Amino acid sequence: MFDPTVARLTYRGLLGRRRVFLLSGLPLLLLVIAALVRATVGADDAVTANLLTGFGVATMVPLIGVIAGTGAIAPEIEDGSVLYLLAKPLKRPTIIVSKLIVAIGVSVVFTAVPMLLAGFVLNGNSGQLAVAFAVASALASVAYSALFLLLGTVTRHAVVIGLVYALIWEALVGSVVPGARVLSVQQWGLSLAERIAADGTGVSSSVGPVAGVVLLVVVTVLGGWFAGRKLRTLSPQAGEA
Amino acid sequence: MTTLHIEGASRWFGNVVAVNDVTFDVSPGVTGLLGPNGAGKSTLINMMAGFLAPSNGSVTLDGAAVWRNEQAYSHLGLVPEAEGMYDFLTGQEFVLANAELHGLADPGAATHRALATVDMEHAQDRRISTYSKGMRQRVKMASALVHEPSVLLLDEPFNGMDPRQRMHLMELLRQMGEQGRTVLFSSHILEEVEQLASHIEVIVAGRHAASGDFRRIRRLMTDRPHRYLVRSDDNRALAAALIADACTSGIEFDEAENALRIQAVDFGRFTAVLPKLAAERGIRLHTVSPSDESLESVFSYLVAA
């Protein structure tokens, strides 16, 4: 189910010069803001939780998910190089699983690690906040990777649709309309952060931790499975159909 | 010995029929798939390559369907027309990745062999993004040959190549054919196909128009009635002289154009007779132009034949 060559091609394409700047920009910004906040406000649990939720989980994590998830497959479909993977005695699910693992790995590294660091910079992991947010980011990144990888196989406008979803649904609707929160990857990830973080630190989620984890797993598995199906019927002339 | 068998294959996209009930076999040796742009050559190759399901009919490789059959790729090599090919890799890395994806026992040695076959070892450590069109095409070839397939499919391989690169690739494909591999390439240029292919399949407007060796196809193409537009200082006298000869089947005097529209049945004889007759009668020729030499009309004649 895992092909190291597919993974290597995906990884090298994903961390190509331009994209690696995109991927590291937001985490660097988070660390800079964290350092500034610590220097001006000092260590404060509520401020830490606010910043890591608002900028981290609601903005940085979905955006990096879009870049890593769509970037793992959409460019190859766009320029036709995916044909070199398809014209091999390889099962389609193997291609998807290998790509998904790379997308997950890359997005976890570029979200969970900076979140952990930012947490320590902000309040020294007081109330387990740094760990809580790192875990939430890692879990949300898994689901985002699958979701946006699927999007990359379904539409040529994966990046735009992904950005609209990340910015409008997750960041705006999810934080304003209560009902929409239940259907938000961000909230599912936060459900675990709420569980790990100490009480009274201001971390909250609209769903319970069990429901959150179950929904994350379901979305990841369904996304990967459906992407594998799309790849089976992918053809160089799909646009003409 | 591997044979690709296309049986009553059709493919439509919505209301548009791209390939219409095509049946032929591709046997060992070099086969040219000839047809004008938009005739359905790529759709047909994509069906042969297992990238498109036939809407009707079947495409089989030694009896096994190629659609949804990943194992077929162990015997198939493919040179797509699309340019995308992991430009951030070097030529060597690209071919090696293809060898690994095929699960070859010794991908390194196979890569070395394939790059030597296409004569690209000198540039194998450069990034593909720095390659010229011809070099890209050769590395694509190497990636398609790395697992020594018995069937090689090439979609418009000569597009954009300079004459020297074209000769080199033709020589390579000829060798493949002589080794007993089944090689099929598509082209919209008759001369390319004629120089290389021992066998030709002609596709026009999605239909299988002709099949055979290039001499037969060439004869079909040159023997068809040719139309000419001729202007001279005495059109009527020229018309009278020409219609008396067996090389023409009809002449119309176009008053608006002040010219003759001539239908010639024997192309070779007509081109010899026209200047001779004019000279004998002291008629000056102002214009002699073929009016239907477009590839499109040559092909549509073949379909009607």
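Presented here is a report on the structure given in the accompanying data block. For clarity, every value in this text was computed on a predicted model and none was experimentally measured.

Our focus in this paragraph is the overall build of chain A. What chain A contains, in helices and strands, is 11 helices and zero strands. Shown N-terminal to C-terminal, the secondary structure of chain A runs as helices and strands in the order α-α-α-α-α-α-α-α-α-α-α. For chain A, the C-alpha radius of gyration of 18 Å lies close to 18 Å, the compact-globule estimate for 241 residues. Summarising its shape, the C-alpha atoms of chain A cover approximately 55 × 35 × 30 Å along the three principal directions. Taken over 241 residues, chain A has a buried fraction of 52%.

All right, on to the interface of chain B and chain A then. Of the residues lining the interface, 30 residues belong to chain B; the matching set on chain A comes to 31 residues. Carbon and sulfur atoms make up 58% of the surface buried where chain B meets chain A, a total of about 2,900 Å² over both sides. Of all residues in chain B, the largest losses of buried area upon contact with chain A belong to B:Glu70, B:Tyr86 and B:Leu101, amounting jointly to 28% of the total for that side. Inspection of the region where chain B meets chain A yields three salt bridges. A salt bridge links A:Lys91 to B:Glu70, with the shortest nitrogen-to-oxygen separation between them at 3.5 Å. For the pair chain B and chain A, the number of links is seven residue pairs in polar contact (both at pLDDT 80 or more). Those elements that place two or more of their residues in the side of chain B that touches chain A are helix H1 (41-48), helix H2 (91-101) and helix H4 (133-145) of chain B. The biggest single contributor to the side of chain B that touches chain A is H2(B), with six residues.

The subject of this paragraph is helix H2 (residues 17-40) of chain A. Residues and elements named next belong to chain A. Under the 1.5 Å per step criterion, the end-to-end length of H2 is 35 Å for 24 residues, consistent within 8% with the ideal 34 Å. Within H2, burial applies to Leu23, Leu26, Pro27, Leu30, Ala34 and Val37. In the core, the buried residues of H2 are packed alongside helix H1 (4-14), helix H3 (45-71) and helix H6 (92-123). Just downstream of H2, glycine 42 is the residue with a positive phi angle, here 90 degrees.

Scanning the entire structure with this criterion turns up nine aromatic pairs over all chains. The interplanar angle of 90 degrees and the centroid separation of 6.0 Å between the aromatic rings of B:Tyr86 and B:Phe88 together place this pair among those described as edge-to-face.

Our next topic: a nonpolar patch on the surface. A contiguous nonpolar patch, built from A:Val154, A:Val210, A:Val214, A:Val218, A:Leu222, A:Trp225 and A:Phe226 and spanning about 680 Å² of accessible area, is present on the exposed surface. If one sorts the elements of the nonpolar patch by residue count, helix H11 (residues 209-232) of chain A sits on top with six residues.

You can see B:Gln165 is positioned in helix H5 (residues 163-178). The contact partners of B:Gln165, leaving out residues within four places of it in the chain, are B:Ser132, B:Gly134 and B:Met135.

Right, let's talk about the sheet that holds strand S9 (residues 199-204) of chain B for a bit. What links the strands of a sheet is backbone hydrogen bonding, and the strands pair in either a parallel or an antiparallel sense. Residues and elements named next belong to chain B. Read across the open sheet, the six strands follow the order S6-S7-S8-S3-S9-S10; overall the sheet is mixed. Either end of the sheet is taken by a strand with one partner, and the two such strands are strand S6 (76-79) and strand S10 (207-212). For this sheet, the mean inter-axis angle between neighbouring strands, taken without regard to orientation, is 15 degrees. Sitting on the sheet, H1 is in contact with strand S3 (29-34), S6, strand S7 (151-154), strand S8 (182-187) and S9, with an inclination near 155 degrees to S8.

What follows covers the pattern of salt bridges. Residues and elements named next belong to chain B. Across all of its chains, the model carries 17 salt bridges over all chains by this definition. Residue lysine 133 is joined to glutamate 83 by a salt bridge in which the shortest nitrogen-to-oxygen separation is 3.1 Å. Taken together, the residues span a long stretch of sequence, with lysine 133 in helix H4 and glutamate 83 in the loop between S6 and H2 at a distance of 50 residues.

What follows is about the nonpolar core. Grouped together as the largest cluster of nonpolar side chains are 99 residues, with contacts concentrated most on B:Leu44, B:Met48, B:Phe94, B:Met141, B:Leu153 and B:Leu173. At six residues, the largest contribution of residues to this core is made by H4(B). With residues up to four places along the chain from it excluded, the contact list for B:Met48 reads B:Leu4, B:Ile6, B:Phe24, B:Val59, B:Val66, B:Leu76, B:Leu153 and B:Leu184. A:Val37, A:Ala140, A:Val185 and A:Leu216 belong to the second-largest nonpolar core, a separate cluster that totals 45 residues.

What counts and what doesn't
- Residues numbered from 1 in each chain as written.
- Chains lettered and ligands numbered in written order.
- Predicted model: local features only at pLDDT ≥ 70, side-chain atom pairs only at ≥ 80, totals over all residues.
- Heavy atoms only, no water.
- Helix = DSSP H or I, 4+ residues; strand = E, 2+ residues; numbered from the N terminus.
- Rg over C-alpha atoms; globule rule 2.2 N^0.38 Å.
- Buried < 20%, exposed > 50% of the residue type's maximum accessible area, 1.4 Å probe, protein only.
- Contact = heavy atoms within 4.5 Å.
- Buried area = accessible area lost by both parts, 1.4 Å probe.
- Salt bridge = Lys/Arg side-chain N within 4 Å of Asp/Glu carboxyl O.
- Polar contact = N/O pair within 3.5 Å; in protein donor to acceptor, adjacent residues only side chain to side chain.
- Expected span 1.5 Å × (residues − 1).
- Phe/Tyr/Trp six-rings, centres within 6.5 Å; stacked < 30°, edge-to-face > 60°.
- Patch = residues over 30% accessible without salt bridge, like charges linked within 9 Å, V, L, I, M, F, W, Y side chains within 5 Å.
- Areas by Shrake-Rupley, 256 points an atom, 1.4 Å probe, with all protein chains shown as cover.
- Pairing = 2+ DSSP bridges.
- Axes fitted to C-alpha atoms, helices over the stretch in contact; angles between N-to-C directions.
- Core = buried A, V, L, I, M, F, W, Y, C linked by side-chain atoms within 4.5 Å.

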